[in-house]
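The residues making up each chain are set out below.
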Amino acid sequence: MEMESEKLVQQFVEWVGKMPAVFRAPGRVNLIGEHTDYNDGFVMPSAIGLGTRVAASARDDGQLVIRSEQFPGEFKFDLDHPPGHRTGSWCDYVLGVAVVLQWAGHSLRGANLWVESEVPIGAGLSSSAAIEVACALALMGLNEIALPKVEVARLCQRSENTFIGARVGIMDQFVSCLGKAGHALLLDCRSLEFELIPIPDRVRMVVCNTMVKHQHAGGEYNRRREECEEGVRILSQWYPEIRALRDVSAGQLAEHEKDISEKIFGRCRHVVEENERVQEGARRLRAGDLNGFGALMRESHRSLRDLYEVSCGELDLMVEAAEGLPGYYGGRMTGGGFGGCTLNLVESSHADAFVEAVARRYQQATGTKPDVYICSAADGATVEVNRAD
Ligand code: GLA
């Protein structure tokens, strides 16, 4: 048993007096393909070594009891009469999953869930998807519900969309379920077909946290989604067959630049070109062309900054701080934006020096000391301890 798991089990036994089962789901980085998932497009995330663990045991009284060492308080909900939408606390990410499992027709026994997350919250590394997926596995385990991982990802996305009210795409939950060590996961977010592409051993993914927290349930993310829908509505006057920006080609979009406001045109152009970058990125990664892949990451960042407008001053500074450092192939903001982290591809022999230099440059520019993590692509969600009393 891993050290962290052992400690969690001990705490749980002191709390409930029973042995729990333990489930773990990872956070993620996205190599390329940002704000494309809810446009039915392509993404290329990897799961990372930071994850969320949930220790769980069943209760006979139909109550869902949730706690964590990281957050104060203990939360108790009656599963016969759960709230229909978010309550405004972190435990919504747990409760929402229970509620959507019930909506999907699964009956749930009561449960004690102790949640511990290593994924920094609000840093763009999908702490919420990690909590959701780990809790989904826990509730499924306690109730002997067997579902394919793709279905688990869908359920967790539904919880965010309907229970939490953030209209996120499927990327984070999907890779938290199905990521594979040493690989990037190229996902078609319409068909949910995917390909695992090996990431060369000699490269590390260095994640740099600007320490600026983002908030998804907040308006900007949902607004971007509406702007994309607006683009589809306008373009479908000429192209009635398009269902999402995924169906629009660069040529079709260029043809109607004058018919669309500058803002909506920029949003559409980012999505159309980002989808192309993911396809090209997949070709380059398969060929082991890391310099070529890095160049696409830089383009992606510029597009997110200038056309999609989801970057922020600190993210731009962090991307600039990496330029010119030895062993650096390329980097960009990763995740939803408005704060959070950059992802940098760095030759492994240079990774330690890179961490030191990038942190120093960022601190000089902003006065803030960033957290920096050297990551490799990790496996998706698993059962860590199988037996519960
Ligand atoms: C968040 C969402 C994802 C995706 C990214 C942006 O992480 O959860 O579904 O839209 O933002 O690419």
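What you see is a predicted model; the values in this text were computed from it and never measured.

Conventions and cut-offs
- Residues numbered from 1 in each chain as written.
- Predicted model: local features only at pLDDT ≥ 70, side-chain atom pairs only at ≥ 80, totals over all residues.
- Heavy atoms only, no water.
- Salt bridge = Lys/Arg side-chain N within 4 Å of Asp/Glu carboxyl O.
- Helix = DSSP H or I, 4+ residues; strand = E, 2+ residues; numbered from the N terminus.
- Buried < 20%, exposed > 50% of the residue type's maximum accessible area, 1.4 Å probe, protein only.
- Near = heavy atom within 4 Å.
- Polar contact = N/O pair within 3.5 Å; in protein donor to acceptor, adjacent residues only side chain to side chain.
- Areas by Shrake-Rupley, 256 points an atom, 1.4 Å probe, with all protein chains shown as cover.
- Contact = heavy atoms within 4.5 Å.
- Expected span 1.5 Å × (residues − 1).
- Pairing = 2+ DSSP bridges.
- Axes fitted to C-alpha atoms, helices over the stretch in contact; angles between N-to-C directions.
- Arc of directions from axis to C-beta.
- Core = buried A, V, L, I, M, F, W, Y, C linked by side-chain atoms within 4.5 Å.

(A) Expanded view of the pattern of salt bridges. Applying the stated criterion across every chain, the model contains 30 salt bridges. One salt bridge in this structure joins Glu69 and Lys7, with 3.6 Å as the shortest N-O distance. Of this pair, Glu69 sits in the loop between β3 (63–67) and β4 (74–78) while Lys7 sits in helix α1 (residues 3–16); the two residues are 62 residues apart in sequence, bridging distant segments of the chain. In this structure, Arg223 and Glu220 form a salt bridge, with 2.7 Å as the shortest nitrogen-oxygen distance. Highlighted residues: Arg223 and Glu220, both in helix α6 (residues 219–235), separated by three residues, approximately one helical turn. In this structure Arg223 comes out as partly exposed when scored by relative accessible area, which is 39%. Under the relative-accessibility criterion, Glu220 is labelled partly exposed at 32%. Put simply, Glu220, Arg223, Arg224, Glu227, Lys263, Arg267 and Glu309 are held in one network by salt bridges that share partners.

(B) Structural context of the environment of Val319. For Val319, the position within the fold is in helix α10 (residues 313–322). Through-space distance from the C-alpha of Val319 to that of Gly330 is 8.8 Å; in sequence the pair is 11 residues apart.

(C) Seen up close, the site of the ligand. Near the ligand lie 12 residues; those nearest to it are Glu34, His35, Asp37, Asp172 and Tyr221. Residue Arg28 places a side-chain N or O atom 2.9 Å away from an oxygen atom belonging to the ligand. Interatomic distance of 2.5 Å between a side-chain N/O atom of Asp37 and an oxygen atom of the ligand. Calculation on the ligand without its partners gives an accessible area of 300 Å², and the protein chains cover 98% of this total.

(D) Broad picture of the side chain of Thr334. Structurally, the position occupied by Thr334 is in strand β9 (residues 328–334). Given a relative accessible area of 1%, Thr334 falls into the buried group. Among the polar contacts made by the side chain of Thr334, one reaches the main-chain amide nitrogen of Asn30 at a distance of 2.8 Å. Filtering out sequence-adjacent residues up to four positions away, Thr334 remains in contact with Val29, Asn30, Glu34, Gly124, Leu125, Cys341, Thr342 and Leu343.

(E) A look at helix α2 (residues 92–103). If you check α2, its first and last C-alpha atoms are 16 Å apart, about what 12 residues at 1.5 Å a residue would give, namely 16 Å. Among the residues making up α2, those that are buried are Asp92, Val94, Leu95, Gly96, Val97, Ala98, Val99, Val100 and Leu101. Where α2 is buried, its residues meet β3, β4, β5 (110–117), α3 (127–142) and α4 (149–164). Residue Gly105 follows α2 closely and has a positive phi angle near 100°.

(F) Geometry of the sheet that holds strand β10 (residues 341–347). The sheet built from four strands is open, its strands ordered β9-β10-β8-β11 with antiparallel pairing. The sheet is open, and its two edges are formed by β9 and β11 (371–375), each paired on a single side. Across this sheet, the average inter-strand angle for adjacent strands is 20°, counted without regard to direction. Relative to β10, strand β8 (residues 203–209) runs antiparallel, the two being bridged by seven bridges. Across the sheet, Val203 pairs through a bridge with Glu347, a residue of β10. In this fold α10 packs onto β8, β9 and β10, with an angle of close to 175° to the strand it touches most, β9.

(G) Region of the structure containing the pairing of strand β7 (residues 194–198). When strand β6 (residues 183–188) meets β7, the two strands line up antiparallel, connected through five bridges. Residue pairing for β7: His183 is matched across the bridge by Pro198. The antiparallel hairpin formed by β6 and β7 contains five residues in its connecting segment, where Leu192 sits at a positive phi of about 65°.

(H) A look at unusual backbone geometry. The phi dihedral of His35 is positive, around 60°, even though this residue is not glycine. You can see His35 is positioned in the loop between β1 (21–32) and β2 (42–59). With a phi angle near 65°, Asp40 is a residue other than glycine that sits in the positive phi range. With respect to the element layout, Asp40 can be found in the loop between β1 and β2.

(I) Quick peek at α1. Taking 1.5 Å as the rise per residue, α1 with 14 residues should run 20 Å; its terminal C-alpha atoms sit 20 Å apart, in good agreement. Along α1, the residues that are buried comprise Ser5, Leu8, Val9, Gln11 and Phe12. Down the axis of α1, the sector holding all buried residues measures 165°, keeping them to one side. The outward face of α1, more than 90 degrees from its buried face, is lined by the exposed residues Met3, Gln10 and Glu14. Where α1 is buried, its residues contact β1, β2, β5 and β12 (382–385). A positive backbone phi angle near 80° is found at Gly17, which sits one or two residues after α1.

(J) Local environment of the nonpolar core. Within the largest apolar cluster, 50 residues are counted, with the highest numbers of intra-cluster contacts made by Leu64, Ile66, Val94, Leu113, Val115, Leu139 and Leu187. Here the element with the most residues in this core is α3; it accounts for 10 residues. Among all residues touching Val94, those that are not within four sequence positions of it are Ile66, Leu113, Val115, Ile131 and Cys135. Of all hydrophobic cores here, the second largest spans 31 residues; its members include Val119, Leu125, Ala130 and Leu345.

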